[in-house]
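Okay, here's what each chain looks like letter by letter:
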Amino acid sequence: MNKIRISIAVLFLIFISPTFSLYCLCSPTSNELTVVIDPGHGGSNHGANYNGWQEEDITLTTAIALKKKLEEYNNVDVYLTRDSNISLSLEERAAFSKQMNADILISIHYNASENHDLYGTEVWIPSSGKNYYLAKGLGETLLNKYAENSYYDRCVKTKIGENGKDYYGIIRNAAEYSIPAIIMEHCFIDNPTDETTLNADQIELFGIWDAEAIAEYYGLPYKTEPELSYKPYANMPSYTEYDNITVYDDQTAPTDAAVKILGEQNSKTSEIELTAYDNESKIIYYSYSTNNGLDWSELKKWDGDNSCIFSADLSSCDVLYARIYNCFDLFTECSLPIVKKSEVSTSALTTTPPLPETESDAYEDTTQPYTATTSEITEHKTATHLLFISLFFLICSLTFLILGNRQI
Ligand SMILES: [Zn+2]
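Worth saying up front: this structure is predicted, and the values here are computed from it rather than measured.

Conventions and cut-offs
Residues numbered from 1 in each chain as written. Predicted model: local features only at pLDDT ≥ 70, side-chain atom pairs only at ≥ 80, totals over all residues. Pairing = 2+ DSSP bridges. Helix = DSSP H or I, 4+ residues; strand = E, 2+ residues; numbered from the N terminus. Axes fitted to C-alpha atoms, helices over the stretch in contact; angles between N-to-C directions. Contact = placed C-beta atoms within 7 Å. Parallel < 35°, antiparallel > 145°, perpendicular 65-115°, else oblique. Left-handed = near helix turned anticlockwise from the far one by under 90°. Buried ≥ 20, exposed ≤ 12 C-beta atoms within 10 Å, placed from the backbone.

Caption draft 1: Inspection of the sheet that holds strand 4 (residues 76-80) at higher detail. What the six strands build is an open sheet, ordered 4-1-5-8-6-7; its pairing is mixed. The open sheet has two edge strands, strand 4 and strand 7 (153-157), and neither has a second partner. Put simply, the sheet's adjacent strands are angled 20° from each other on average, direction ignored. Pairing between strand 6 (residues 121-124) and strand 8 (residues 181-188): three bridges, direction antiparallel. Counted as the bridge partner of Val 123 is Met 184 from strand 8. Its contacts with the sheet place helix 4 (residues 129-148) against strand 5 (104-111), strand 6, strand 7 and strand 8, and it is angled at close to 175° to strand 7.

Caption draft 2: A look at the packing of helix 2 (residues 55-70) against helix 7 (residues 200-218). It is at 7 Å that the axes of helix 2 and helix 7 come closest, and there the two elements cross at 45°. Considering their axes alone, helix 2 and helix 7 lie oblique with respect to each other. Crossing of helix 2 against helix 7: the hand is right-handed. Seen from helix 2, the contacting residues are Ile 58, Thr 61, Thr 62, Ala 63, Ile 64, Ala 65, Leu 66, Lys 69 and Leu 70; seen from helix 7, they are Ile 203, Glu 204, Phe 206, Gly 207, Ile 208, Asp 210, Ala 211, Ile 214 and Ala 215.

Caption draft 3: View of the environment of Thr 61. For Thr 61, the position within the fold is in helix 2. On the basis of neighbour counts, which here come to 16 C-beta atoms within 10 Å, the residue Thr 61 falls in the partly exposed class. Along the sequence, Thr 61 and Ala 200 sit 139 residues apart, while their C-alpha atoms lie 8.8 Å from each other. Setting aside chain neighbours within four positions, we find Thr 61 in contact with Ile 203 and Glu 204.

Caption draft 4: Main features of the sheet that holds strand 14 (residues 319-326). Ordered in space as 12-11-14-15, the four strands form an open sheet in which the pairing is antiparallel. Across the chains shown, the open sheet's two edge strands, defined by having one partner strand only, are strand 12 (300-301) and strand 15 (331-337). Inspection of the sheet shows strand 11 (residues 283-289) paired to strand 14 by six bridges, in the antiparallel sense. By the bridge assignment for strand 14, Tyr 288 is matched with Ala 322.

Here it is in structure tokens:
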């Protein structure tokens, strides 16, 4: 009987146990992606406030729409750090992400700038290791989605603080738990380029775009319409060899900035080319001044790699100034003295030899027939009369002398 039991045990070890182990290896332990959505600010931390837009409110609206849309996909669990207007510290938000075993923490924000001049969408990501690569791909997928919908691409960026750690608290705190966190700055609520696109529907639509980009990046299948599914993990980066890398933020402005006028300088609009180079980050804006730097144009979109062409009226401009900005908002200034057409013709008159027309005038002057004046004619006639009278008296005197001498 014992022999039978031992035989069964051996058979179990030989056949059943490896099969079970193989099953465990082949089947995924969990195919769920866990996404924590963090509506930025809240409670006593209001965030940016401009033209009636309050950041703590609109981040929550976007985040709720994001969660709702992302839950239309399979293989994903979605959590919110807050679903009402409450105060939460950055540490609490990161700790919640750890508690939920988050694969990614997405912090939802809206932007504003000191001079109200910036516009576009930007994503801040961890600066080092595996977290950098996991977040970078998602950030790029998000910005592509926004660029398709005409929101300007202000780049996926890192920023390192003075202590050598990530500058932004939510990224830094999540990194303590080895969770990649990104800050999604949807648009600038204080610049007309973005602000005029804002309304209640758009605030929710941002959440839907975010969800679609997350689903695309992680290759999530759509629950009810398989054709809306994304290819599994199509965009996942290979990051293992970069685990120890640190990517620093760009501390320098574009270099070799130059401005030149293309073709003929026109009194109304001249075509102007700007050139600049930046090896560390993308060039995204330019601006120019046609009144010696007193007033500057709004920030214009840089639409080339190292050069950009635009038109401007230079008719009242002495020196054309231009500024070229990279996506870290660092700029280089360049200038070009403008030679006006009126100055060209004035200097030609004062510095060139007399024109042929002037010589012709002089020639005509010398060849014109002489015409005496009335007084000159009168004087001439008087002199002639005196000459005739003198000759008459001379002839009379000589005749008288000759006749007188004969009588003697
Ligand atoms: Zn914010």
